[in-house]
Every structure is written in C-alpha cells, then in structure tokens.
Amino acid sequence: MQTQPLLTAHNLHKHYGRVHAVRGVSFHIAAGEIYSLLGPNGAGKTTTIGMLTTLLRPDEGDATIAGFSVTRQPQRVKEIIGVVPQEIALYDDLSARENLRFWGRMVGLRGADLAKRADEALELAELRDRAKDKVATFSGGMKRRLNIAVGLLHRPRILFLDEPTVGIDPQSRRRILDTVKELNRGGLTVLYTTHYMEEAQELSHRIGIIDYGQLIAEGTLDELITQTGVGERIVLTLEAPPADFAPNDLAQMEGVQRLHAEGDTLTFEVDDANGRLPALLLHLQGLGLTVRRIELQEPNLEAVFLHLTGRALRE
Amino acid sequence: MKLLTITLKDTLTRFRDVRALLYMLVAPLAIGLIMGAAFGGQNDGSSPIYAIPLAVVNADTGDLGQTFVDILTKIEVDTAEGKQSLFAVTPYADAEAARAAVERGEADGALILPPDFSAALKNANAPRARLDIYTDPTLRIPPVIIRSVTERLALGFQSAALGARLAAEQITTAVQADPALQTALADLPQAIAEAEADFAAEQPRIRLQRQTLGGGKSFNVLGYFMPSMAIFFLMFAVFHGMRSILEEEKKGTLPRLLTTPTRPAEILAGKIGGTLLTGLLQMAVLVLVSALLFGVHWGNPWGVALLSFATVAGAAGLGAFLAAFARDDNQAGIIGTFVALVFGILGGNFIMLQNVPVWLDLLSKATLNRWALDGFTALALDNAPLHAVLPHIAILLALGAAFFALALLGFRRRFTR
Ligand SMILES: Nc1ncnc2c1ncn2[C@@H]1O[C@H](COP(=O)(O)OP(=O)(O)OP(=O)(O)O)[C@@H](O)[C@H]1O
Ligand SMILES: [Mg+2]
C-alpha cells in the first residue's frame, strides 16, 4: 500500500485532568487499509479515536483525514468519517428503522436516498425482520450490528470501529469480522481498535500496539514479529509448584530467549520449540516438578505484546 | 432540517413512553379531579350563580345606605330556573355579627356600609367613606361577584350623587339606568375586569376595603386545581426534556451526534425544540381533555394558549439551567424534582396562598409556578381577557430567556472538547 495516507495522526496528546491519557501518538493509515490499534484497557484507544473523530480536541498535535485537519476543519472531517462508538449509541425507544432514518438524516441523507440506505443498512445488520422492533428488545449482538450499520449510512471514506465485538457471542463476532473484511474489500478504510489479539491478527493490514498512551510498536504482523524478534513459544503448566519455586536457572538454558512465569504457568520464548522441548522437560523432571500441560505456539501478537511490555494482554 | 428531526425524535420518544405519559397526563388529570371532588362539588363557573348569601350591615345614618342595599337586593340574573335574585341579602346588626356569619359559612360575603356613607357621597369635602367587604376564602366565584357588583354599584352611586345632592329616588333611577351596571349584570365576567380597572383609575369617594377572611379550608374548584396540576406536572416533563441532553451524553448518542456533520447549536436547538413541543402538547391535551370531558372552564383561548407557551418556555429555561450546571443526569433529576416540588408548594399549586406574610408572598412570586397559576386562574376564574395576563406571560418569558442564557454558558463550558 504505497498510496497517499488517508489519515495522518501527528504527535497527539490528551490529558484528562492529571491523567495523561494519550502521549504523543503518531501514525498513518493508507487508503484501503485496515489498521488496528491494539492495547489493553485504559491504553488510550478510545481517546485517540475521540481526537481523530473531532469529538475531543487534542492538547497537542493534530491529525488530517483526506487532507482536512481534525482541529481546524472538523466540519469537513465529519462529512467523510463514519464512527462506531465503543458503547452502543442508539435510541432504545426507537425501532431499528427509526434509528437508521434518524441517524441518516443527521448525516445529511433524505428522501428516497435515505429510505434506500436504511434498507441496505438493515440488510447489512441482518435485521430486516426486526426493522420495526424497538432497539430495547434487541440482543447485544443485534445492537452491535445496528451500531455498526449506523456508522456506514452515508458511505464514509474511513470507518472508526472502537472495540465493536466486546461482550457478544462468537457467532455475532464472526459476522462482524466478516462484514468488516467485506467492506474493506469494497474499498473502505478502517481504523479498528481491540484488545483481542486474534481479531487484530486476522483483520489488519497493519497493527499499532498502544500501551499507556503511547504507540510502542507498529507494522504488519510479520514486521512486528521480526522487529521484536519473538520466537516460538512453549507454554508449560506445572502440577502444584512449590511456593518458593524460582525458575531463574530455566531462563539461562540454551535456546531460551525469554521466560515469563505467572502462577503455575511458564512461558518460554525459544528459537525452536520442538527442538528445545525435551531438554526443558528433563530439567523440570530433575527439579522434581510434574508438567500437567504442554502447548507449543507460533510467534504471535500475544508474544509480541508480552515481549514489548512484559505483561500478558488479556481480558 | 436536522433541528426539526431532533425535535420530532424527542417528542415522539416521550409520547411513546407509557411511564412518562402517566405523570404527564394521567396524574395531573386524576389528581386535579380528585382534589376538585374532595373539596365538594363547588360551582366551577360554567353555570350562572344566583342567590349568593350576602350579609349586610347598614350603619349609614343617612338615607343612601338603604337605597344601596335595596338596589343590591333587586339585582336579578337569568338562570336555568328563570330570573332570580343575584344576592340573598340578610341584614345584620353589626360588622362583628356579619363576619361571624361568613365564618360560619352562612354567608359567602359580608358588606358593611359605614355611618358616614350618605354624608360622604353628598358632600365633596367630607372624608371618603369606607365600604368594608369580607369574603369567604374557601370560595372563588361568589367573592368575585360580590366585589365586582358592589364596586360597580358604588361607582354608580358616586357619579350620581356627587354634588347633585339628588333625592334617594332619583339616585335609584339613575343608578339602575346606568348602562354600565346593566352591562355588568348581563356580562358579569366582563364587568369584573372592567370594574377593577375603572375603580383603580378614578379617585373614588368610597374606598373599598376588601378583605378575605382567614380560614384553613382549601379551594374546591377545578378551574383552580386543573391549571395547578398542569403547571406542577409540566415542570417534571419539561425538566426531563432538558435533562435528556445529559442522558444522551451518558448514553453516547450525544457524542455520536457530535461526530455527524450537525452543528452543536443545531443539536441544542433541536433538544430545546423537542422539550417545548412536548410541553405544549402536554398542556394542550390537559386543557382539551379537562375541558371536554370534565367541563373545566379555562377562559380566554388566546390567553390560555399564550400563557401555556410562556409557562412551557419558562420551565424549559429553568430545566436547561439545572441540566447545564448539574454534575450528571442523576443529579439534575434529583435537583429538578426538588425544585419542582418546592416551586409547586411556594407557587400555590397545592395550597392557595392568601393572607400570607409578605416575605412568603415575595418568595412565591419568585417562582414560575406562581406567575403561571395567577395567569391561569385569572383566565379561568375571573374570566380575564388576554391583555390582563400579558404581564404574566411577559414575566414567564423573561425568566425563561434569562435561564436559557445562563444555561447556554453552562453547556458551552461543559461541551467544549
Ligand atoms: N472522560 C474521562 N475522564 C477522565 N479520564 C478518562 C476519561 N476517559 C478516559 N480516561 C482515562 O484515560 C485513559 C485512556 O482511556 P481510554 O478510554 O482512551 O482507553 P481505552 O484504550 O479505550 O480503554 P478500553 O479498552 O477500556 O476501552 C484511561 O486511564 C482512562 O481512565
Ligand atoms: Mg475504549
């Protein structure tokens, strides 16, 4: 993707009182790209999206979307962005169709165009047969789908999706991910935030890892793995390790790049998982420890995150 | 227009909400009716009143006092049962006895003609005579009639008697032929307003001392309770309307609106529009239903319409002010409920504030409810014309505008990113 970036964020900062929520975030998204911001709770994802969608004024820095500045030309920016907020922002007392018609008018649609787009949106959200029902009667997944459909009504050039799959069943999540991919194939640029590795891994062309308000790494999945040099992983679950068990000498073993111990779980980052496993198991046996479970993992985002922050990225 | 879209969305939402409808429409109608019924089936002004029991003390040492009483006694009105005397006059020996009769409920009012009544009328240089009128505070219509007719009659006496030193007979003829008195009797409501205006304008020879006797009983007139309840419950609905800005902020629909190409001012105007429209529809339904189903007489339609609008606008301004400076919608709700209750009580929506200390009266006049209620009762009970309630309308609108201006400052501070 060598095209001119559709979105460029430059040195964004945002404070909430004394909390420095976003500390100098810069990145760009090319037209047609799906870019994921991956980070744990409170990392600053929503705050960053808030600034990019003109909702929050950056304390420092600026961003442009299609050449329009979010701070100086917010009105122009609003015309080309679609926003899907993290919290479902719909009117519970209105039906699905009424919501779509209301939000459609707010983005400037009217008449036959409005009716057509509302129908398309109902189709997309798979809510045709529930069009007349109040949103209050919908399941979490249905609300999430409608929440997304509202953001697409005016066919934006870039869609901001803030954790759109939180708290829904796997089936609904699958549908949402497929929808995003399909929209992207149709040319839509997407900024997606999540704290689910698998989603970021599956969807994104590029991923930005955000932690404590800073973008600590960025690139394609392969690039991230190469950058961080994370290897394959061996995850061992021990049977009742003694309380004073200190796995320090394990970290010194040959081929082990990194060891992360948490409770009864030992995660080894190694150059060659299959090759190093026997020696590790023997060593543990020599210490009188029993291994309950063995798991081998390809290098993945989780490993990248762990490598970068020393913490596991979990829900 | 996006403004209108937001206005209609809010209005539609409110009228779909069964719980909201309960307190917006059902509660005021029901409570108004119950209060009206609880205090007895008092005439609500829709059918003519006659034979109003009136205690009269004629202490006049001259002859005009008796003439005055005679004319009062002879006044007739058309009723469903044919021509009837307007007043059932009972003579009493002294003011004390007459007042006691009113307090016992035997008379709706008492009229006391002073010893110098004739003298004052016949001699331009004599001190003015004082006519005392006492009325039953638990009644609404009879006191107005007693006052209005007495005032009109006194005026007639004054113009006929002054300087001319006519004989009693001639005065009777002159007064009874007085077209103004005839109009007054034919159209009492009109006369009530007229007489008060006239009376204030001219320097009377007779000074009327109006007094409502103290008493703990409450009013029992739908024409008083319906507007009271309408105003009281309107407050809640309108406060809720403005508070919904904070609800939308919390729910995330306001932030989402702000990411659409809709100007913030348009969003705010739309929310205000929705509140005003909801309030107006609520008032319209309350007025129409109470009038058509329960025969409540609201008075001059233009007056009712404009006063309703002014009341809704004033309350919306106050609601916006509360919302703009509250921490969140919960706090705004609690404060709003408190304000609505206190204003309802101070404004006389539950207890008629008569003969209260000056400070309480002033406090009462600081509430929107009081101005609205005074306006509505003037229209409903005194049949006041539109211009008589223009001051009330102006005050309500001015208060509303002031509150809106403050609210705007608050909202601006609140929603700057
Ligand atoms: N309105 C606010 N007032 C004060 N602090 C806030 C506000 N919004 C966010 N924060 C703080 O700013 C930081 C970043 O929050 P943000 O919501 O951007 O994180 P996030 O990455 O979206 O998290 P999550 O995954 O939980 O949605 C957090 O420390 C949060 O507590
Ligand atoms: Mg968030």
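Residue positions are given per chain, counted from 1 along the sequence in the order it is written. Labels follow written order: the first chain is A, the first ligand is 1, and so on. In keeping with the predicted nature of the model, local features appear solely for residues at pLDDT of at least 70, side-chain atom pairs appear and are counted solely at 80 or more, and the whole-chain, interface and lining totals rest on all residues. As a convention, hydrogens and water are excluded, and side-chain values are obtained from all of the structure's heavy atoms.

*Asks:* Explain the sheet that holds strand S14 (residues 290-297) of chain A residue by residue, including any values.
*Replies:* Residues and elements named next belong to chain A. For two strands to pair, DSSP has to find at least two bridges joining them. The secondary structure listing takes helices from DSSP runs of H or I that are at least 4 residues long and strands from runs of E that are at least 2 residues long, numbered from the N terminus. The sheet built from four strands is open, its strands ordered S12-S13-S11-S14 with antiparallel pairing. In the strand order of this sheet, the two ends are held by strand S12 (256-262) and S14, each with one partner. The average undirected angle you get between the axes of adjacent strands in this sheet is 20 degrees. In this sheet, strand S13 (residues 265-270) lies alongside S12 in antiparallel orientation, the contact comprising six bridges. Paired with Ala-261 across the bridge in S13 is Leu-266. What counts as an axis is a line fitted to C-alpha atoms, over the stretch in contact for a helix, and the angles between N-to-C directions run from 0 to 180 degrees.

*Asks:* Can you break down the environment of Ala269(B) residue by residue, with the values?
*Replies:* Residue and element names in this part refer to chain B. Structurally, Ala-269 can be placed in helix H12 (residues 264-294). For the exposure calls, accessible area comes from a 1.4 Å probe over protein chains only, and a residue counts as buried if that area is under 20% of its type's maximum, exposed if over 50%, partly exposed in between. Exposure remark for Ala-269: the relative accessible area of 28% places this residue in the partly exposed category. We call two residues in contact when some of their heavy atoms are within 4.5 Å. Setting aside residues no more than four positions away along its own chain, Ala-269 makes contact with Leu-3 and Thr-7.

*Asks:* Could you give an account of the domain arrangement of chain B, with specific residues and numbers?
*Replies:* Assigned domains within chain B: domain 1 (14-42 + 220-416) and domain 2 (52-175). The gap between the C-alpha centroids of domain 1 of chain B and domain 2 of chain B is 42 Å. Residue ranges for the domains originate in an automatic or database domain assignment.

*Asks:* So what about the packing of helix H8 (residues 221-228) of chain A against helix H11 (residues 301-309) of chain A? Which residues, and what values?
*Replies:* Residue and element names in this part refer to chain A. Packing of H8 against H11 brings their axes to within 10 Å, and their N-to-C directions diverge by 40 degrees. Of the possible angle classes, the one that applies to H8 and H11 is oblique. For the element pair H8 and H11, the recorded crossing hand is left-handed. Judged by residue contacts, Leu-221, Leu-224, Ile-225 and Thr-228 of H8 engage Leu-301, Val-304, His-307 and Leu-308 from H11. Residue polarity follows a fixed list, in which Ala, Val, Leu, Ile, Met, Phe, Trp, Tyr, Cys and Pro are nonpolar, Asp, Glu, Lys and Arg are charged, and the others, Gly among them, are polar. Its residues placed into classes, the contact of H8 with H11 shows six nonpolar, two polar and no charged. For classification purposes, an angle smaller than 35 degrees is called roughly parallel, one larger than 145 roughly antiparallel, one from 65 to 115 roughly perpendicular, and anything else oblique. In this scheme the handedness of a crossing depends on how the near helix is turned from the far one: anticlockwise by less than a right angle means left-handed, clockwise means right-handed.

*Asks:* Report on the site of ligand 1, specifying residues and quantitative values.
*Replies:* Residue and element names in this part refer to chain A. Taken together, Tyr-16, Ala-21, Pro-40, Asn-41, Gly-42, Ala-43, Gly-44, Lys-45, Thr-46, Thr-47, Gln-86 and Glu-163 form the complete shell of residues around ligand 1. Here a polar contact means two N or O atoms within 3.5 Å. Within protein one must be a hydrogen donor candidate and the other an acceptor candidate, and residues neighboring in sequence count only if both atoms are side-chain atoms. Between Glu-163 and ligand 1, the recorded distance is 2.7 Å, taken from a side-chain N or O atom to an oxygen atom. Here the accessible surface of atoms and residues is derived via Shrake-Rupley with a 1.4 Å probe, and residues count as covered only by protein chains that are part of the display. Considered on its own, ligand 1 offers 630 Å² of accessible surface; in the complex 61% of this is hidden by protein. No other element matches helix H1 (residues 45-52), which puts three residues into the shell around ligand 1. Considering only residue class, the shell around ligand 1 consists of four nonpolar, six polar and two charged. Note on definitions. A residue lies near a molecule or strand when any single heavy atom of the residue is within 4 Å of it.

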